[in-house]
Amino acid sequence: MSTSSRFYMEMDAISENEGFARVCIAAFCARLDPTLEEINDIKTAAVTNSIIHGYKKQGGIIHINADIDENILTICISDDGCGIEDVDKAMEPLYTTGALEERSGMGFTFMEAFMDDLKVESQVGEGTRVRMKKIIGR
């Protein structure tokens with residue numbers, strides 16, 4: 001019996017879809033019997049940056065790929081939005097381009113804290129790809 005599975009979803013990059021995407025990812029990883037803390041970590045790490053920053057409220061599509069292999073959940077979220085000029089700077093705690101919108105600048109910091117691995121690839125004008133891994137039930 002194979003212990004791997006895949007999930008793919010694309011959706012409009014609007015804030016109303018944040019909760020839906022989080023619930024879908026949480027439901028997908030439920031087969032691993034995660035703790036409530038692990039579920040909350042996954043839900044907190046997923047999606048928000050792409051919706052808020054990827055298209056700068058201009059609309060667009062977010063792609064979510066999730067994969068389970070044994071007890072490792074991998075989530076890849078990508079957009080074809082504005083991209084990030086300086087990924088290293090963007091990953092610094094409290095750095096935000098959305099200060100006027102009362103953003104905290106903690107998106108990537110939360111992702112790094114709640115997930116076991118985080119990789120961010122971005123090209124200005126072409127979009128961003130965030131890949132996160134979480135080991136469930138250590």
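For the structure, check the block above.
As the structure is a prediction and not an experimental result, all values here were calculated from the model.

What counts as what
- Residues numbered from 1 in each chain as written.
- Predicted model: local features only at pLDDT ≥ 70, side-chain atom pairs only at ≥ 80, totals over all residues.
- Heavy atoms only, no water.
- Axes fitted to C-alpha atoms, helices over the stretch in contact; angles between N-to-C directions.
- Helix = DSSP H or I, 4+ residues; strand = E, 2+ residues; numbered from the N terminus.
- Parallel < 35°, antiparallel > 145°, perpendicular 65-115°, else oblique.
- Left-handed = near helix turned anticlockwise from the far one by under 90°.
- Contact = heavy atoms within 4.5 Å.
- Nonpolar A, V, L, I, M, F, W, Y, C, P; charged D, E, K, R; others polar.
- Pairing = 2+ DSSP bridges.
- Expected span 1.5 Å × (residues − 1).
- Buried < 20%, exposed > 50% of the residue type's maximum accessible area, 1.4 Å probe, protein only.
- Arc of directions from axis to C-beta.
- Salt bridge = Lys/Arg side-chain N within 4 Å of Asp/Glu carboxyl O.

K.L.:
Is there a simple way to think about the packing of helix α1 (residues 18-29) against helix α2 (residues 36-45) in this case?
P.N.:
The description of two helices packed together rests on the angle between their axes and the distance between the axes. Put simply, α1 and α2 touch, their axes get as near as 9 Å, and they point 140° apart. In terms of axis orientation, α1 runs oblique to α2. In this structure, the crossing between α1 and α2 has a hand that is right-handed. Residues R22, I25, A26 and C29 of α1 form the contact with α2, whose own contacting residues are I39, I42, K43 and T44. Class assignment of the residues belonging to the contact of α1 with α2 gives a composition of 5 nonpolar, 1 polar and 2 charged.

K.L.:
Mind showing me how you'd approach the sheet that holds strand β1 (residues 4-12) here?
P.N.:
Working definition: the strands of a sheet are paired by backbone hydrogen bonds and lie parallel or antiparallel to each other. Pairing is antiparallel in the open sheet, where 5 strands are placed in the order β1-β2-β3-β5-β4. One side of each edge strand has no neighbouring strand; the edge strands of this open sheet are β1 and β4 (117-123). Averaged over all neighbouring strand pairs, the angle between strand axes comes to 10°, with direction disregarded. Relative to strand β5 (residues 127-135), β4 runs antiparallel, the two being bridged by 7 bridges. Residue pairing across strands places D117 opposite K133, the latter belonging to β5. Packing against the sheet, α1 makes contact with β1, β2 (61-69) and β3 (72-79), and its axis sits at approximately 175° to β1.

K.L.:
In this structure, what is going on with α1? I would like to understand it.
P.N.:
Because an α-helix packs 3.6 residues into every turn, residues spaced three or four apart end up facing the same way. Taking 1.5 Å per residue as the helical rise, α1 with its 12 residues ought to reach 16 Å, and the 17 Å between its terminal C-alpha atoms agrees with that figure. Here α1 has its buried residues at E18, A21, C24, I25, A26, F28 and C29.

K.L.:
Any chance you could explain the side chain of H63 here in plain terms?
P.N.:
Within the element layout of this structure, H63 appears in strand β2. Owing to a relative accessible area of 18%, H63 belongs among the buried residues under this scheme. Apart from residues no more than four positions distant in its own chain, H63 is found in contact with Y8, M9, E10, C76, I77, S78 and D80.

K.L.:
Can you help me understand α2 in this one?
P.N.:
Along α2, the positions that sit buried rather than exposed are E38, I39, D41, I42 and A45. All buried residues of α2 fall inside an arc of 160° around its axis, so they share one side. Turned more than 90 degrees off the buried face of α2, the exposed positions are L36 and E37. At its buried positions, α2 is contacted by α1, β3, α5 (107-114) and β5.

K.L.:
Honestly, the pattern of salt bridges in this entry has me stumped. Any pointers?
P.N.:
Two side chains bearing opposite charge may form a pair once their charged atoms approach each other closely. Under the criterion given, the structure shown has 7 salt bridges. Across the pair E18 and R22 runs a salt bridge, and its minimum N-O distance is 3.5 Å. You can see E18 and its partner R22 sitting in helix α1, 4 residues apart, about one turn around the helix. On the basis of relative accessible area, E18 is assigned to the buried category, the value being 14%. By relative accessible area, which is 23% here, R22 ends up partly exposed. As a salt-bridge pair, E92 and K89 come within 3.5 Å of each other at their nearest N and O atoms. When salt bridges with common partners are traced through the structure, they connect D117, K119 and R131 into a single cluster.

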